[in-house]
Amino acid sequence: MGLNYSKVAKEIMNNIGGVDNIKAMEHCATRLRIMLKDEDQFNRDKIEEIEGVKGVLFKAGQFQIILGTGTVNEVFREAEKLGGKSGGVQEEAYNNMNPLQKLIRVFGDIFIPIIPVIVASGILMGLRSFFTNLGWLEEDTFWYKFSQILTDTPFAFLPALVGWSAMKRFGGTPIFGFIIGLMLVHPILPSAGAVGRGDLEPILVSLFGFESSIVGYQGSVIPVLGVAFIAAFLEKRVRKVVPDSLDLVITPFVVMTIGLFIGLFAIGPVARLLESSVVDLFQMLFTLPLGLGGMVIGGLQQVLVITGLHHALWVIDINFLQETGENIYQPIRSAAVAGQAGAVLAFALFVKNRKQKALAYSAAISAWFGITEPAIFGVNLVNFWPFVFGLIGSAIGAMYSAAIGLAGSGMGIAVIPGTLLHLDGSMLQYVIVNLIAGGIPFVLTTMFIRKRNLHKSEGPSGNKQELKEAANQ
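Residues numbered from 1 in each chain as written. Predicted model: local features only at pLDDT ≥ 70, side-chain atom pairs only at ≥ 80, totals over all residues. Heavy atoms only, no water.

Engineer: Pulling in residues and values, what's your account of helix 7 (residues 142-156)?
Structural biologist: Relative to the 21 Å expected for 15 residues at 1.5 Å per residue, helix 7 spans 20 Å between its end C-alpha atoms, a close match to the ideal helical length. Along its length, helix 7 shows its largest kink, about 30°, at Leu 150, and proline Pro 154 lies within four residues downstream of that point. Looking at helix 7, one finds that the buried residues are Tyr 144, Ser 147, Thr 151, Pro 154 and Phe 155. Buried residues along helix 7 sit in contact with helix 6 (115-134), helix 8 (158-169) and helix 15 (314-324). (Helix = DSSP H or I, 4+ residues; strand = E, 2+ residues; numbered from the N terminus. Expected span 1.5 Å × (residues − 1). Bend = angle between axes of the 7 residues up to and from the residue. Buried < 20%, exposed > 50% of the residue type's maximum accessible area, 1.4 Å probe, protein only. Contact = heavy atoms within 4.5 Å.)

What follows is the structure, given as structure tokens:
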């Protein structure tokens, strides 16, 4: 019999002071996020005992109840039926963050809505390569061109997608950001990549006595973020001074004209330099001898998940895909996920406590399909050493990936689903990376659990009652 979502929601409400104590309530892919008027009424111990709850985290003024993918959606709906006040968590949480946390949150809010499109394109790219290698898809056919439309469009118009999402996040009108993003990749503007390769010449423009080299921003991310921020700020100011009768004409004209101008002549060139520097840094790390850079990044990846910093690094994946057509960060991210997946799987198989076993099995399934929050917060981090073992496995798996130069065709998915990004012939190496990353913590965690169980079975004095209690755990 499946989980009773209504019962779970009611038990959660009963242990947070009731629906009247809720200030705001939302959910993400795995967590129910609640902000309370009286935080003292949150009964953590009782909530952690509720069936289906995989862990509890308090962060940025919000209680995050980890339920896992799918489950969280159903529990959230039931909580709304009970009268839980939905919405408002992002704004409330944002006010409680420090400047670095706010910056990271902004990156997450902007990129997360567009990642599914990039993920789908990457999978389709892998399938196209797979079918082409098998001879099922020939390059001079309509269906090959059809596949190019499917895979290339999101990357060709990436600044428009980012502009739409960023403008919305900064409080402006999303369509303005979308149009400005399209302007920055207009066919008239030569691609920066083509200019860098010497295939095209930049447009030379004289402005205020200075000569500027103008290029397009195809595939760029940070430049359009800066433009969207200024454009949203400008839109708010313009609307305050423009009469309502003229707003429909003047505001779009001013925002789009100035937005394009500062994108081409001011923010764009500086932001592109910053973006290139960040990408070059990661490229350098990934190409260090013996995969040492991959070891460091892969070993720390899941630590970043705890802090939320990982959201800010999506720009790296996107730039690798745009500039090189492949993503060397994807298998390293996957190794990081597989490390925690291996640790929690060992916990599921060998721990004796029934509730912990059930929780670990559920978290292991999520982790092997790319979602590690239930594993980290519900099992591994709670027991500390499995989390550390996961980091060790991640580091070694990522080191191997970087050493052989493994790369995926897309981003956003890892471990088992991530195999779809390696249909071009690199699947075996991808599987090896994940087996290394997951196998090492599996062995180490198994040894840890058996040692812990041995100590419990012996007990302080080894009497029969203590042996019986240990056996029931």
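Past the structure itself, the notes keep going.
Engineer: If you had to explain the sheet that holds strand 3 (residues 55-59) to someone new, which residues and values would you point to?
Structural biologist: In any sheet, the strands associate via hydrogen bonds between backbone groups, in a parallel or an antiparallel arrangement. Here 4 strands make up an open sheet; going across it, the order is 1-2-4-3 and the pairing antiparallel. Of all strands in the sheet, those bounded by a partner on one side alone are strand 1 (22-27) and strand 3. For this sheet, the mean inter-axis angle between neighbouring strands, taken without regard to orientation, is 20°. Pairing analysis gives 4 bridges linking strand 2 (residues 31-36) to strand 4 (residues 62-66), with the strands arranged antiparallel. Note that in strand 4 the partner of Leu 32 across the bridge is Ile 65. (Pairing = 2+ DSSP bridges. Axes fitted to C-alpha atoms, helices over the stretch in contact; angles between N-to-C directions.)

Engineer: Provide a residue-level description of the pattern of salt bridges, including the pertinent values.
Structural biologist: The tally for this structure, following the rule as stated, stands at 8 salt bridges. As a salt-bridge pair, Glu 74 and Arg 77 come within 2.8 Å of each other at their nearest N and O atoms. Here Glu 74 and its partner Arg 77 are both found in helix 3 (residues 71-81), 3 residues apart, which amounts to about one turn of the helix. Exposure remark for Glu 74: the relative accessible area of 30% places this residue in the partly exposed category. A relative accessible area of 42% means that Arg 77 is categorised as partly exposed. Note that Arg 239 is salt-bridged to Asp 247, the shortest N-O span being 2.5 Å. For Arg 239, a relative accessible area of 33% puts it in the partly exposed group. (Salt bridge = Lys/Arg side-chain N within 4 Å of Asp/Glu carboxyl O.)

Engineer: Could you give me a rundown of the pairing of strand 2, with the residues and numbers involved?
Structural biologist: Remark: a regular strand shows side chains that alternate across the two faces of the sheet. Counted residue by residue, strand 2 has 6 buried out of 6 residues, so it is predominantly covered. Neither face of strand 2 is exposed, since Arg 31, Arg 33 and Met 35 on one face and Leu 32, Ile 34 and Leu 36 on the opposite face are all buried. Bridge analysis of strand 1 against strand 2 gives 5 bridges, and the strand direction is antiparallel. If you follow Ile 22 over to strand 2, its bridge partner there is Leu 36.

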